[in-house]
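# Understanding the architecture of this molecule
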Amino acid sequence: MNENILNLKINYSDVLVRMGANKYRTKIDTRIETSILEMISLSKKILQPKYALSFAEKNVKDNKIFLDDFCINSKDIFKLLENSNLVCGLIATIGFSIDTKISYLLERKDIMSAFILDSIGSVAIEELVENICNDIATQYGTTTMRFSPGYGDWAISNQAGFLEWLGAGKLGIVLSPAFQMVPRKSVSALLGITKK
């Protein structure tokens, strides 16, 4: 595991954008700016970024993709992997602590702080996944865009088998009955690789 991937910067401007502000036009109140900076500082103490990768040679039968014993029946994935010879699955999370803190803030009716921290969590998980994808490209070769269960024609119900293939349980990630991942700030995705 590349430890540099886990060093998240959490850019202030990215948090503003995630909160719905236009970083060039929206004037941010000093009090809110201070709150955002304080929450970024807090998040760096409580985030627990983790990830895992799984690899498989591309195996196609009857327009279906097989990753070992796991099967994906998706025209979008079939097209995505058209020029790839290796398939990579990734699972990433920033942990339960941020969910717990957001729930605590909501219980105290501190809606603004909860909103800020939720936005920071979204920025953090996206940064983590980008770091992972960049590292994969550096190590293995040209990659496709990433694609997650629930996108296009890849059924969200396929999430359970995909997470099992990824070994998500080792990271403490579980699925709700609606196939949503817990912790909330978690991402699973697949990408194709054209090996160097």
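These numbers come from a predicted model, not from an experiment. (Residues numbered from 1 in each chain as written. Predicted model: local features only at pLDDT ≥ 70, side-chain atom pairs only at ≥ 80, totals over all residues. Heavy atoms only, no water.)

What follows concerns the pairing of strand β9 (residues 186–195). Burial runs high along β9: 8 of the 10 residues are buried. Two elements, strand β5 (residues 86–93) and β9, share 8 bridges in a ladder whose sense is antiparallel. The residue of β9 that forms the bridge with L86 is I193. As defined by bridge partners, strand β6 (residues 141–143) adjoins β9 across 3 bridges and the pair is classed as antiparallel. In the sheet register, T143 faces β9, and the bridge partner there is I193. (Buried < 20%, exposed > 50% of the residue type's maximum accessible area, 1.4 Å probe, protein only. Helix = DSSP H or I, 4+ residues; strand = E, 2+ residues; numbered from the N terminus. Pairing = 2+ DSSP bridges.)

Paired through backbone hydrogen bonds, the strands of a sheet run either parallel or antiparallel to each other. The 4 strands are arranged β1-β5-β9-β6 in an open sheet whose pairing can be described as antiparallel. Of all the strands in the sheet, the pair left with one neighbour each is β1 (50–57) and β6. On average, each strand axis in the sheet is inclined to that of its neighbour by 30 degrees, with strand direction left out of account. Against the sheet, helix α5 (residues 111–140) makes contact with β1, β5, β6 and β9, and its axis sits at roughly 150 degrees relative to β5, the strand it touches most. (Axes fitted to C-alpha atoms, helices over the stretch in contact; angles between N-to-C directions. Contact = heavy atoms within 4.5 Å.)

In space, the 3 strands of this open sheet follow the order β2-β3-β4, with antiparallel pairing throughout. If you trace the sheet from one side to the other, it starts and ends with β2 (60–61) and β4 (70–72), each paired once. As paired strands, strand β3 (residues 64–67) and β4 are joined by 3 bridges and run antiparallel to one another. Bridge pairing links I65 to I72 in β4.

This brings us to the packing of helix α2 (residues 30–46) against helix α4 (residues 97–107). Between α2 and α4, the shortest axis-to-axis distance is 9 Å and the interhelical angle comes to 135 degrees. Overall, the two elements α2 and α4 adopt an arrangement that is oblique. For the crossing formed where α2 meets α4, the hand is right-handed. For the pair α2 and α4, contact is made by M39, L42 and I46 and by S97, I98, K101 and L105, respectively. When its residues are assigned to classes, the contact of α2 with α4 shows 5 nonpolar, 1 polar and 1 charged. (Parallel < 35°, antiparallel > 145°, perpendicular 65-115°, else oblique. Left-handed = near helix turned anticlockwise from the far one by under 90°. Nonpolar A, V, L, I, M, F, W, Y, C, P; charged D, E, K, R; others polar.)

This paragraph deals with the nonpolar core. I10, V15, L90, I94, L128 and I132 are the most contacted members of the largest nonpolar core, which has 37 residues in total. Looking at this core, the elements that each hand over two or more residues are α1 (12–18), α2, β5, α4, α5 and β9. Here this core gets 12 residues from one element, more than from any other, and that element is α5. Among residues more than four places away in sequence, those in contact with I94 are L8, L47, Q48, P49, G121, A124, I125, L128 and K185. (Core = buried A, V, L, I, M, F, W, Y, C linked by side-chain atoms within 4.5 Å.)

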